[in-house]
Amino acid sequence: MLLAPIIWLLTVVICYFFFAKTWWFPPPVSQHGLEYDAQFMRTLVVTGIIFFFAQIALGWVIFRFRDDGRRAQYTHGNNRLETLWTSATAILFIGLVVMGTRIWAAVHLSEPDPNAIPIEVMARQFAFSFRYTGPDGKFGRTDLKLVNDAAGNPFGLDDKDPAAKDDLVSASLKVPAGKPIKLILHSRDVIHNFFVRELRLKQDIVPGMEIPFYFQADKPGTYEIPCSELCGLGHFQMRSTLEVMAPPDFEKWKQQQAANQ
Ligand SMILES: [Cu+2]
């Protein structure tokens with residue numbers, strides 16, 4: 001008997017935490033993030049309503065068919081009802097998946113913006129590095145043999161190449177707000193993962209592959225980039241930051257970096 005009210009109480013408590021958004025994501029900072037959240041809410045509302053009524057019904061069944069001395073009755077079920085709710089569930093979930101896929105594909109399969117600012121990302125155990133083209137707008141030559149983390153050359157830039165000489169290397173990712181960005185993801189050792197919660201985007205970084213990854217952040221601020229693939233003992237400390245800056249500030253930062261080199 002007691003099980004029924006416990007189930008109802010748990011249901012109400014669980015629903016409360018979703019309504020109150022007690023443990024919620026940080027607000028999105030991109031158009032994709034807004035669309036992603038809207039789809040997430042649609043899914044949550046649909047599954048939440050079903051969850052609520054299913055739990056209430058479960059409690060009711062426990063209460064209604066409790067042991068009160070009656071004889072148990074055998075029932076074969078109802079084929080029509082079975083068919084009905086199985087197909088209703090299938091239609092609902094396939095529908096949600098199709099809607100969600102559209103939003104995923106808009107980011108991962110869309111035509112890349114030719115004006116996107118290219119930034120190379122090098123992941124390694126256990127740090128991220130970012131490389132920008134210098135004033136010449138070109139990435140210079142790199143050589144694996146020249147890789148030297150202690151000397152601040154994680155990409156192995158070849159100083160003899162004039163195009164490489166002006167490339168900027170940074171330990172944090174800085175981007176101008178409202179501009180399309182093209183990341184080119186590389187890993188030097190194992191699989192890492194680029195993840196920014198506020199962008200609602202996540203991408204594996206696979207050694208031996210060059211993975212293009214587009215995004216556009218609209219709201220200035222500083223956001224964490226934690227590596228989201230268990231990549232070794234130091235995985236917990238593998239993190240960097242994404243700083244979204246007003247475009248003039250970004251230009252100023254680039255000039256300062258160039259002057260420091
Ligand atoms: Cu990692």
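Structure's up top.
Colleague: For this particular structure, what's the right way to read the pattern of salt bridges?
Modeller: It is possible for side chains of opposite charge to pair when their charged atoms get near one another. Inspection of the entire model under this criterion finds ten salt bridges. Asp-158 is the partner of Arg-141 in a salt bridge, and the nearest nitrogen-oxygen pair spans 2.6 Å. Of this pair, Arg-141 sits in the loop between strand S2 (127–132) and helix H4 (162–165) while Asp-158 sits in the loop between S2 and H4, placing them 17 residues apart in sequence. Of the residues examined, Asp-158 reaches a relative accessible area of 7% and is grouped as buried. For Arg-197, the salt bridge goes to Glu-198, with nearest N and O atoms at 3.8 Å. In this structure Arg-197 comes out as partly exposed when scored by relative accessible area, which is 38%. Residue classification places Glu-198 among the buried residues on the basis of a relative accessible area of 7%. Connected through salt bridges with shared partners, the residues Glu-120, Arg-131 and Asp-167 form a single ionic network.

Colleague: How should the side chain of Ser-129 be read in this particular structure?
Modeller: Looking at where Ser-129 falls in the secondary structure, it is placed in strand S2. A polar side-chain atom of Ser-129 sits 3.0 Å from a polar atom in the side chain of Arg-124. With residues up to four places along the chain from it excluded, the contact list for Ser-129 reads Glu-120, Val-121, Met-122, Arg-124, Pro-154, Phe-155 and Ser-170.

Colleague: What should I look at first to understand the sheet that holds strand S10 (residues 239–245) in this one?
Modeller: Pairing between the strands of a sheet is mediated by backbone hydrogen bonds and can be parallel or antiparallel. With respect to topology, three strands assemble into an open sheet ordered S4-S10-S9, the strand pairing being mixed. Since the sheet does not close on itself, it has two edges, and those belong to strand S4 (173–176) and strand S9 (221–226), each with one partner. Within the sheet, the average angular offset between the axes of one strand and its neighbour, ignoring direction, is 20 degrees. Across four bridges, the pairing between S4 and S10 is parallel. Bridge assignment links Val-175 to a residue of S10, and that residue is Val-244. Against the sheet, helix H5 (residues 247–260) contacts S4 and S10, and its axis sits at roughly 135 degrees relative to S4.

Colleague: Would you mind going over unusual backbone geometry with me for this structure?
Modeller: With the exception of glycine, most residues fall at negative phi, and the peptide bonds are largely trans. With an omega of 0 degrees, the peptide bond between Gln-125 and Phe-126 qualifies as cis. On the secondary structure map, Phe-126 appears in the loop between strand S1 (117–124) and S2. In this model, Lys-21 sits at a positive phi of 50 degrees, which is unusual for a non-glycine residue. With respect to the element layout, Lys-21 can be found in the loop between helix H1 (3–20) and helix H2 (31–64).

About the cut-offs
- Residues numbered from 1 in each chain as written.
- Predicted model: local features only at pLDDT ≥ 70, side-chain atom pairs only at ≥ 80, totals over all residues.
- Heavy atoms only, no water.
- Salt bridge = Lys/Arg side-chain N within 4 Å of Asp/Glu carboxyl O.
- Helix = DSSP H or I, 4+ residues; strand = E, 2+ residues; numbered from the N terminus.
- Buried < 20%, exposed > 50% of the residue type's maximum accessible area, 1.4 Å probe, protein only.
- Polar contact = N/O pair within 3.5 Å; in protein donor to acceptor, adjacent residues only side chain to side chain.
- Contact = heavy atoms within 4.5 Å.
- Pairing = 2+ DSSP bridges.
- Axes fitted to C-alpha atoms, helices over the stretch in contact; angles between N-to-C directions.

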